[in-house]
Amino acid sequence: MIIDSHQHFWKYSPVKHAWINEQMSVIRRDFLPSDLKPVYVKNGVDGCVAVQADQTLAETDFLLEHAHNNAFVKGVVGWVDLGSADVDKDLEKYAKDKHLKGYRHIVQEEADHNFMLRPDFLRGISKLEQYGAVYDILIFPHQLGSTLELVKKFPNQKFVIDHIAKPYIKDGFYDGWAAMMKEVAKHENVYCKISGMITEADFNSWTPEQIHPYMLLALEAFGPERCMYGSDWPVCLVAGTYTQVKELTTNFISSLSTTEQAAIMGQNAVDFYGLE
């Protein structure tokens, strides 16, 4: 089974989606399951995990509604205010929905490099395990230090790094990111999504060879058993096609065993998120 561990749906709003700048104007429109399903049929993808792109409970409900109505949407990574004093109320509510698998906060946009180490946020993270929820870590490389501290504090909580921590591929920066990723990967409760890479390179001139060193580091640090394929559709469309994104990963891992390839392309996502 091939599972896309990371994609988004939205009804485009210039205010809500202000992060979609002029360079990304191709994705200034609605993207819904009816748009994605034919893409998956064409590319032989069996299912996906829909991930939040807006920090509201309405967003979580919106994604869950699509999961309820579309069998190929196997799970949802939603949003709740983990820093809220009454976060338990929301976690308890969503734990009743079998499609809700975990949560994410758009930490990359937080000015505080140590946002994830704030006491109120840590308290929220400490609640997730009892509800069987995982946590997706969306960061830039300069936030890997606080990520390391976070995952150390919760050795039994399942975490996954989104988009290999968004290294600055376009600028060729590698060493600092690589050193920190190796440290984070030493913690076996942390997985890594091989996703979101072509949009960290030059949209118009990226090559697989330019991205391979970053993929290799992630694969060597986390191992085939803790890496999972993700497309970051529709964001990926600003820099390429879905087929290009998928082939970037399938071609890269083609020298691995069939079991390892199957793990990265689907089984690890099934196991990590508890997909049915």
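Going by the structure above, here's the rest.
Keep in mind it's a predicted model, so treat the numbers as computed, not measured. Position numbers for residues start from 1 in each chain and track the written sequence from start to end. Whole-chain, interface and lining totals are the exception, using all residues; otherwise, since this is a predicted model, local features are given only for residues with pLDDT of at least 70 and side-chain atom pairs are given and counted only at 80 or more. No hydrogens and no water enter the side-chain calculation; it runs on all heavy atoms of the structure.

## Brief notes about the pairing of strand β1 (residues 3-7)
What counts here: For every residue, the accessible area (1.4 Å probe, protein chains only) is compared with the maximum for its type, and the residue is labelled buried under 20%, exposed over 50%, or partly exposed between those bounds. Secondary structure is summarised from DSSP: a helix means a run of H or I of at least four residues, a strand means a run of E of at least two, and numbering begins at the N terminus for each. DSSP-based pairing: two strands are paired if at least 2 bridges between them are found. Think of it like this: strands point away, you trace from the first strand over the helix to the second, and a clockwise trace means the crossover is right-handed.
The buried fraction of β1 amounts to five of the five residues, a majority that puts the element mostly inside the structure. When β1 meets strand β2 (residues 47-51), the two strands line up parallel, connected through three bridges. What sits directly across from I3, in β2, is G47. Following the chain from β1 across helix α1 (residues 33-43) to the adjacent parallel β2, one finds a crossover that is right-handed.

## Topic: the pattern of salt bridges
Our working definition: Put simply, a salt bridge is a Lys or Arg side-chain nitrogen that is within 4 Å of an Asp or Glu carboxyl oxygen.
Enumeration over the complete set of coordinates arrives at ten salt bridges. Between D162 and R104 there is a salt bridge whose closest N-O contact spans 3.2 Å. Here D162 is found in the loop between β6 (159-161) and α6 (175-185), whereas its partner R104 is found in strand β4 (residues 100-105), with 58 residues between them in sequence. R104 shares its class with D162; the two are buried. Where salt bridges share partners, they join R104, D136, D162 and K193 into one cluster.

## Here's the deal with the packing of aromatic side chains
Defined as follows: Aromatic pairing here means that ring centres of Phe, Tyr or Trp (its six-membered ring) are within 6.5 Å. Orientation follows from the plane angle: under 30 degrees is stacked, over 60 is edge-to-face, and everything else is tilted.
Scanning the model with the defined rule gives 16 aromatic pairs in all. Pairing W10 with F31 gives two aromatic rings, centres 5.7 Å apart and planes at 80°, and the pair type is edge-to-face. Taken together, the positions of W10 in the loop between β1 and α1 and F31 in the loop between β1 and α1 put the pair 21 residues apart, joining distant regions of the chain. Neither W10 nor F31 differs from the other in exposure class; each is buried. Taking the centre distance of 6.0 Å and the plane angle of 80° together, the rings of F121 and Y135 count as edge-to-face.

## What to know about the environment of K186
Checked against the element boundaries, K186 lands in the loop between α6 and β7 (190-194). Look at K186 and you get exposed, because its relative accessible area is 57%. Placed 40 residues apart in sequence, K186 and R226 show a C-alpha to C-alpha distance of 11 Å.

## Comments concerning the sheet that holds β1
Formally: Axis definition: a line fitted to C-alpha atoms, over the contacting stretch in the case of helices. Angles run 0 to 180 degrees between N-to-C directions. Contacts between residues were defined by any pair of non-hydrogen atoms, one from each residue, lying within 4.5 Å.
Taken together, the eight strands give an open sheet; going across it, the order is β1-β2-β3-β4-β5-β6-β7-β8, and neighbouring strands pair in parallel fashion. The strands lining the two open edges of the sheet, one partner per strand, are β1 and β8 (227-229). Shown here is a sheet whose adjacent strand axes are inclined to one another by a mean of 25°, direction ignored. Sheet contacts for helix α4 (residues 119-128): β4, β5 (134-137) and β6; angle to β5, the most-contacted strand, approximately 135°. This element, helix α8 (residues 242-252), spans β1, β7 and β8 of the sheet and lies at about 155° to β8.

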